[in-house]
Amino acid sequence: MSSMLSSALRNLPVSSAWAAGVFARSLSCSSQFQAAVQPKTKKTLGKTGVKNVVVVEGVRIPFLQSGTSYADLMPHDLARAALQGLLTRTSVPRDVVDYIVYGTVIQEVKTSNVAREAALGAGFSDKTPAHTVTMACISSNQAMTTGVGMIAAGQCDVVVAGGVELMSDVPIRHSRKMRKTMLTLNRAKTLGQKLSLISKIRPDYFTPELPAVAEFSTSETMGHSADRLAAAFGISRLEQDEYALRSHTLAKKAQDEGLLQDVVPFKVPGKDTVTKDNGIRPSSMEQMGKLKPAFVKPYGTVTAANSSFL
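Residues numbered from 1 in each chain as written. Predicted model: local features only at pLDDT ≥ 70, side-chain atom pairs only at ≥ 80, totals over all residues. Heavy atoms only, no water.

Undergrad: How do you make sense of the overall build of the chain when you look at a structure like this?
TA: When its secondary structure is counted, the chain shows nine helices and seven strands. The proportion of buried residues among the 310 residues of the chain is 38%. For the chain, contacts bridging at least 24 residues in sequence account for 74% of all contacts bridging at least 6. For the chain, the exposed surface amounts to about 17900 Å²; the carbon and sulfur share of it is 56%. (Helix = DSSP H or I, 4+ residues; strand = E, 2+ residues; numbered from the N terminus. Buried < 20%, exposed > 50% of the residue type's maximum accessible area, 1.4 Å probe, protein only. Contact = heavy atoms within 4.5 Å. Areas by Shrake-Rupley, 256 points an atom, 1.4 Å probe, with all protein chains shown as cover.)

Undergrad: Explanation requested: empty space enclosed by the protein in the structure shown.
TA: On inspection of all chains with the given rule, the structure shows one cavity of 30 Å³ or more. Every residue along the wall of the largest cavity is listed here: Pro75, Thr104, Ile106, Gln107, Glu108, Thr111, Ser112 and Val114. Considering only residue class, the lining of the largest cavity consists of three nonpolar, four polar and one charged. (1 Å grid on protein atoms, 1.4 Å probe; cavity = no way out; pocket = protein on both sides within 12 Å on 5 of 7 lines; lining within 4 Å. Points joined across faces, edges and corners; volume = space filled by probe spheres on them. Nonpolar A, V, L, I, M, F, W, Y, C, P; charged D, E, K, R; others polar.)

Undergrad: Just checking my understanding: could you explain the pairing of strand β4 (residues 130–133) for this structure?
TA: In the case of a regular strand, side chains alternate between the two sheet surfaces. Two elements, strand β3 (residues 99–103) and β4, share four bridges in a ladder whose sense is parallel. Bridged to Ile100 within β4 is Ala130. Chirality of the crossover, the property in question, places the unit of β3, helix α3 (residues 114–121) and β4 among those that are right-handed. (Pairing = 2+ DSSP bridges. Right-handed = clockwise from strand over helix to strand, strands pointing away.)

Undergrad: Explain the packing of helix α5 (residues 176–187) against helix α6 (residues 191–199) to me, please; I cannot follow it from the model alone.
TA: Close contact between α5 and α6 brings their axes to 9 Å; oriented N to C, the two are set at 170°. When the interaxial angle is binned, α5 and α6 end up roughly antiparallel. Here α5 contributes Thr181, Thr184 and Leu185 to the contact with α6, which in turn contributes Lys194, Leu197 and Ile198. (Axes fitted to C-alpha atoms, helices over the stretch in contact; angles between N-to-C directions. Parallel < 35°, antiparallel > 145°, perpendicular 65-115°, else oblique.)

Undergrad: I'm lost on the side chain of Gln240 in this one. Help?
TA: Note that Gln240 resides in helix α8 (residues 237–256). Classification of Gln240 by relative accessible area gives buried; the value is 14%. At 3.4 Å, the side chain of Gln240 and the backbone oxygen of Ile235 are in polar contact. Among all residues touching Gln240, those that are not within four sequence positions of it are Ala230, Ile235, Thr301, Val302 and Asn306. (Polar contact = N/O pair within 3.5 Å; in protein donor to acceptor, adjacent residues only side chain to side chain.)

Here is the structure:
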């Protein structure tokens, strides 16, 4: 996902989208930026003495279910594709960008600063700063607001912001006992010390630790939170199913009519080009009503059909 934000003297064209990049620059600052992004209107929402920060453009590659076409890729591969799609659509030069910030939830260990790796892969200079923010499911939104804040504070003129998540290949760790043993083994100097440590390894040491999209302090997932909120505000299962069916139906209609203009095609290495989301699946109230609660059992109201296809 990529979006572009801009601090402007005049209002720039705004494109609402799931985005990975944000650009911002006063129109008086860069002839390159002026040439690439021409305002369509002179109307401005800016106030005297306050920078008018705007979203210039936003794109995303298609959202896919885990284990499908993106299964063999890494998070920075997806983010790189969104960044390249943003640059192609806007024709904004890479050297105009002052900063890049990305949001993610479950970080890939090898590319913990995924914003940096994606930026380098997309051809940005290694002198362009980039950082990654993690704030659960609002991480990408926080990346956007971080970009806005940097522009408003006068630290940057152009910021690219967005988010990425890859559930097809999440980090699975050894147990803490096994990790501790392996680290100690790495420091052992003699064969005797190494054999002594190896002899202490027990079968339960090999039990893996699976990641969870849950809060560490409460062990609560978003599904549990949704069930609690639905109960607190008196939102029935029927209302949730109706809303979900409406969402999928409208999304399918928009997809069929070519209205999802924020989506850019992505050629997956060794596979076909992905052009559309594969999680849009309109069902029926009868089929949805047959599903059991997914989180708070047996009395919850959140199911696999009326929640995100994550």
